[in-house]
Amino acid sequence: MNQILAVENLSKTYQSGEKSLTVLSDINFEIEPGSSCAIIGPSGSGKTTLLGLCAGLDEAGTGSIILDGKQLEKLSEDQRAAVRNASVGFIFQSFNLLPTLTALENVMVPLELLGKKNVKPIAVDLLEKVGLGDRMHHYASQLSGGEQQRVSIARAFANQPKILFADEPTGNLDQETGETIEALIFNLNKELGTTLILVTHDTELAKRTDRILQLKGGKLIKDSASATSEKA
Amino acid sequence: MQNLNWLLKMAWRDSRRNRSRLILFMSSIVLGIAALVAINSFGDNLTQQINSEAKELLGADVELESRSPFPDSLYQFLQDENLQLSEERAFASMVYFPKNGGTRLINVRAVEANYPFYGAIETTPISSAKTYNKNQDALVDQSLMLQFNISPDDSVRIGTTIFSIAGEINKTPGQSAITTTVAPPVFIPFSKLEGTGLMQRGSRINYKLYIKFPDGIDDQKYFNEVLKPRLEKEEIRFDDVEERKEELGDAYSDLTGFLNLTAFIALLLGCIGVASSVQVYVKEKVKSVAILRCLGASSLQGMYIFLIQISIIGFIGSIIGAAIGSSIQYFLPQLFADFLPFEIELSFSLPSFFQGILIGLLASVLFALVPLLQIRKVSPLNVLRSLGWGKTSKASRFVYVLVVLFVFGFSYLQLDSLKEAAVFTVSLLGAALILMGVSRLIIWAVRRFFPNNAPFATRQGLANLYRPNNQTLILVVTIGLGTALITTLMLSQDLLLDKVKLSSSENQPNMVLFDIQSDQVEEVVEITERDSLPVISEVPIVTMKLHSLKGEFVDAIKEDTTAGVRNWVLRREYRVTYRDELIDSETILEGEWDGRVESATDSIFISLDQGLAEDMKVGLGDPLTFNVQGALIQCYVGSIREIDWQRVQTNFLVVFPEGVLEEAPKFHVLLTRYEKVEKSAQYQQKVVSKFPNISIIDLDLILKTVDEVLGKISFVIQFMAFFSIITGVIVLIGAVNISKFQRMQEAVLLRTIGASRKQIVRINFMEYFFLGSIASLTGIIIAILSAWGLAYFSFETVFVPNLWAVLITYIAITGLTVFIGLTNSRSVVNKPPLEILRKEV
Ligand SMILES: Nc1ncnc2c1ncn2[C@@H]1O[C@H](COP(=O)(O)OP(=O)(O)O)[C@@H](O)[C@H]1O
Ligand SMILES: [Mg+2]
């Protein structure tokens, strides 16, 4: 029971008018702290939905999700926000930097939200780690996609999250830039001992993780961990 | 604390990239507050001045007024009390300037040398105010001197006496330029009054007594404990300093209250501007809020960041507005100069300044809260996919209620009437709902009946009305409400002015001669006919008082509070005529008109006006007794008439049949009509030089004077409307400006896929043209409805909208909308698409 993330009998249905669409049905898995895991599957298979639920971004469906010891469906939105702030980091396909803030400020925000003092040196340090020491005072619109994603990686690691969710972090980048980003994520991940949940449809990328969950039509059709355990 | 610090920091950081837009919110607030503070400070100063100058305005500690001479017992009492007294007799009479034969009806004021006890009659030369009484000269109003080209060494005839003119009057205690335009005063020494011969001959005289208290007593206490009880016992009308303060205060608070409401309208427009721009602003912040939520900010923190921004902007805007307002008030005295009985000294009004800031802050926060509250409902899931808004919450319904309460509360503060405030608030609410309804309808209709064969630009422009992220609702409500408010102001101003305007149509009399003595009638008629002016009517008038009603004495009825008889019918002096037939402004409602009493023993049946009969509580056949200068005449109600008072006729509340009053003391009134001014002047001159006691009212001159006064009032109103219009324009710029951000992306995409500059301009033109037209037309219709409502319920007149004003408003508002819209889209059209795409990320 000391898993960082435990998903049990999770289903999610969207109701639109009279039609109801089951996007996820009966998903079960657990993630060990410090491990890395990839969620793969074709477009529309429910990867993003699953990620959103696990990270506590969405209203829960049926079933239960325990993130860092907290049962998400029992929490209010604001309580989930507190959990996110304390234990979760995010990297998105579309970067999602705050457009009115500079790179440095973007990285400072999660720390400031935690109520930490003297956060600037930490943010500067992180930005230097992702190689943006000289672009700290630029706004998002003044940065290239790869640079924006590096800022968002620095931001994601700022509060030293126990678990990092990444939704197709290289999806919007060219291959070369994508590879640097991947390297950054994996390196920081190792260095800081963070758990990593990575959504991707790039099987090569997925292979670099400890474990692969494969979705199709909202169902978990393959779990490399159980596969190996079956073999063993 | 830590939290607040961070919120402030975030609000600051976020504002850096939005300065121009935040300034736009601010400007909406600034003008409204400026107008409000200007009017309020001015009102404040006015009240202070009235308070400090009340004695000078009255000229005495107490002023007594009566239609008949004061009883000797009163004089005795006042003398025993050791009070200083000053007498005045005031009445309307003709002046005649021998220099050039000019003549006009004026207000003669015969006063003693010690008038006024406080303040002064301001004259040129200054010394003449002090010397005219001793030298037995007259002081003549400056407008009168100007009109007849008279200079201070000329003379003036009043009644049968010729006075030298000692000087011209610039200002008298308590009178404003407006009151003296209507009835210009001429001062003569009290001792010379008898000699004018005007006292005996039927003139309506106002008896006044000015009282000054001895030094060193407690004025208020003395008045309340000694003087007031005595005056009340004698039933004498009085005006003391406190009362005068109140009267003046009330009069001007009515004025400033109305102006304040106009200023409030400017502020409301500003608020609507804030609400709609914040609405769009917040929409654009959905993604940012979602990211913040994702990083762990709470739902309230997300909202507070923007609430802080708006509050600070509202606060700064209010301060700037209050500062501007405090300086604008220095221009207001020129505007109001003619209405005030004193020269106003202005000073900075701290209470108004702070009140303005408070109201500005409150208004901007309140109106911004409506859209801001929705931020709380933004789901963090928006970072993963665009979901847009959450649902509207209970809290925002609560804010709507607060907004309505705020509007109601403020209008109540200004109008001092729950009913009027409620009507104002409900109308405003109704207008907003109508506009929302209309824009929904338009969105639906455009979609339903889409003209698929229309040209490309028209189709795109129309489609923009209903596409996702359309501005239809916000723009239609904002522009529409602005148009409605301003147009209502304009139309109701016309109403106000039309109401007072009398029509002097053809064939109606435009000159009235009154106070003609019986022995003068024949000769006056002769003069009139010799001048080939028509004698439209000549009627005798007998003055009388009511003695008893249905067998009960008037004095007894006065005591009896249960009688329900209105006081005015018991006290007044009745001016009664007698004739044998009805005139065409009269209709018999009840009973019969019998035009002649054959013998002295027959019962006398008189005819009463409908309203008078109601207030007297009498019906057909009830007996009344009149006291005709000593002689009691018993009569009965024979008929009840309806009178059309709008017609220029000699109308009477009480009409006697012929055969009763022929021998009573009486005077006559003659109605005639002139066409040319010179002719009227010659005629008046002839009559007045022969019969100085006759007064002549020139209705055309009065109409002209009224027009002049109305012109000044309407200028004040227009000045205020101007504020509203400027605010409206700023709101319009704001509203259209924010929609630019919505259309930018689309326009850039169109450009990118090859749309020409012309095509984009055309699309934009069509969209803003449709929006502007819908909004302004709906607004105008609402304005016409509310002006009609005002006309029907408040002014009780018929309302005919000024079509030109309506057309001009439509063209101006639509034109402005299109113009601002197109100006905005120029930045899209004239720059390379990439630059804009990057900037607007
Ligand atoms: N708010 C929503 N309402 C209705 N259907 C949705 C909603 N969000 C996602 N879906 C549907 O859920 C399915 C899974 O979407 P998503 O999780 O984004 O897939 P993936 O990330 O694997 O491409 C899709 O078919 C999508 O249309
Ligand atoms: Mg996805």
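Reading the values: rules and limits
Residues numbered from 1 in each chain as written. Chains lettered and ligands numbered in written order. Predicted model: local features only at pLDDT ≥ 70, side-chain atom pairs only at ≥ 80, totals over all residues. Heavy atoms only, no water. Near = heavy atom within 4 Å. Polar contact = N/O pair within 3.5 Å; in protein donor to acceptor, adjacent residues only side chain to side chain. Areas by Shrake-Rupley, 256 points an atom, 1.4 Å probe, with all protein chains shown as cover. Helix = DSSP H or I, 4+ residues; strand = E, 2+ residues; numbered from the N terminus. Nonpolar A, V, L, I, M, F, W, Y, C, P; charged D, E, K, R; others polar. Buried < 20%, exposed > 50% of the residue type's maximum accessible area, 1.4 Å probe, protein only. Arc of directions from axis to C-beta. Contact = heavy atoms within 4.5 Å. Buried area = accessible area lost by both parts, 1.4 Å probe. Salt bridge = Lys/Arg side-chain N within 4 Å of Asp/Glu carboxyl O. Pairing = 2+ DSSP bridges.

If you look chain B up in an unreviewed UniProt entry, it shows as Putative ABC transport system permease protein from Marivirga sericea.

Per an unreviewed UniProt entry, chain A goes by Putative ABC transport system ATP-binding protein and derives from Marivirga sericea.

Q: Explain the site of ligand 1 to me, and be specific about the residues and the numbers.
A: Taken together, Tyr 14, Leu 21, Val 23, Pro 42, Ser 43, Gly 44, Ser 45, Gly 46, Lys 47, Thr 48 and Thr 49 of chain A together with Arg 385 of chain B form the complete shell of residues around ligand 1. Neighbouring residues of ligand 1 are distributed over chains A and B. Here an oxygen atom of ligand 1 sits 3.0 Å away from a polar atom, N or O, in the main chain of Gly 46 of chain A. Between Thr 49 of chain A and ligand 1, the recorded distance is 2.4 Å, taken from a side-chain N or O atom to an oxygen atom. Starting from 560 Å² of accessible surface for ligand 1 in isolation, the protein chains cover 69%. Secondary-structure elements contributing two or more residues to the shell around ligand 1 are strand E2 (19–31) and helix H1 (47–54) of chain A. Here the element with the most residues in the shell around ligand 1 is H1 of chain A; it accounts for three residues. Grouping the amino acids of the shell around ligand 1 by side-chain chemistry returns four nonpolar, six polar and two charged.

Q: Run through helix H18 (residues 521–530) of chain B, naming residues and quoting values.
A: Since the α-helix packs 3.6 residues into each turn, any two residues three or four apart lie on the same face. Residue and element names in this part refer to chain B. Within the sequence span of H18, burial applies to Val 521, Val 524, Val 525, Ile 527 and Thr 528. End-on, the buried residues of H18 take up no more than an arc of 160°, which puts them together on one face. Exposed residues pointing more than 90 degrees away from the buried face of H18 are listed as Glu 522, Glu 529 and Arg 530. Lining the buried residues of H18 we find strand E11 (511–517), strand E12 (535–549), strand E20 (667–672) and helix H22 (677–690). Immediately downstream of H18, the backbone of Ser 532 shows phi near 45°, a positive value.

Q: Describe in detail the interface of chain B and chain A, supporting the description with residues and values.
A: On the chain A side, the residues contacting the 30 residues of chain B number 37 residues. Both sides together, the interface formed by chain B and chain A hides about 2,900 Å², and carbon and sulfur atoms give 56% of it. Its largest share of buried area at the contact with chain A, chain B owes to Arg 17, Leu 295 and Leu 384 of chain B, together 22% of the area lost on that side. Across the contact surface, chain B and chain A share six salt bridges. In this structure, Arg 293 of chain B and Asp 78 of chain A form a salt bridge, with 3.4 Å as the shortest nitrogen-oxygen distance. Our enumeration of links across chain B and chain A arrives at 15 residue pairs in polar contact (both at pLDDT 80 or more). Elements that contribute at least two residues to the side of chain B that touches chain A include exactly helix H1 (2–15), helix H10 (286–294) and helix H11 (299–328) of chain B. Here the side of chain B that touches chain A is built from residues that sort into twelve nonpolar, eight polar and ten charged.

Q: Requested: an account of the sheet that holds strand E1 (residues 5–16) of chain A, with residues and values cited.
A: All names here are of chain A. Read from one edge of the open sheet, four strands run E2-E1-E4-E5, paired in antiparallel fashion. Every other strand in the sheet has two partners, leaving E2 and strand E5 (70–71) as the edge strands with one partner each. As paired elements, strand E4 (residues 62–67) and E5 share two bridges and run antiparallel to each other. Note that in E5 the partner of Ile 66 across the bridge is Gln 71.

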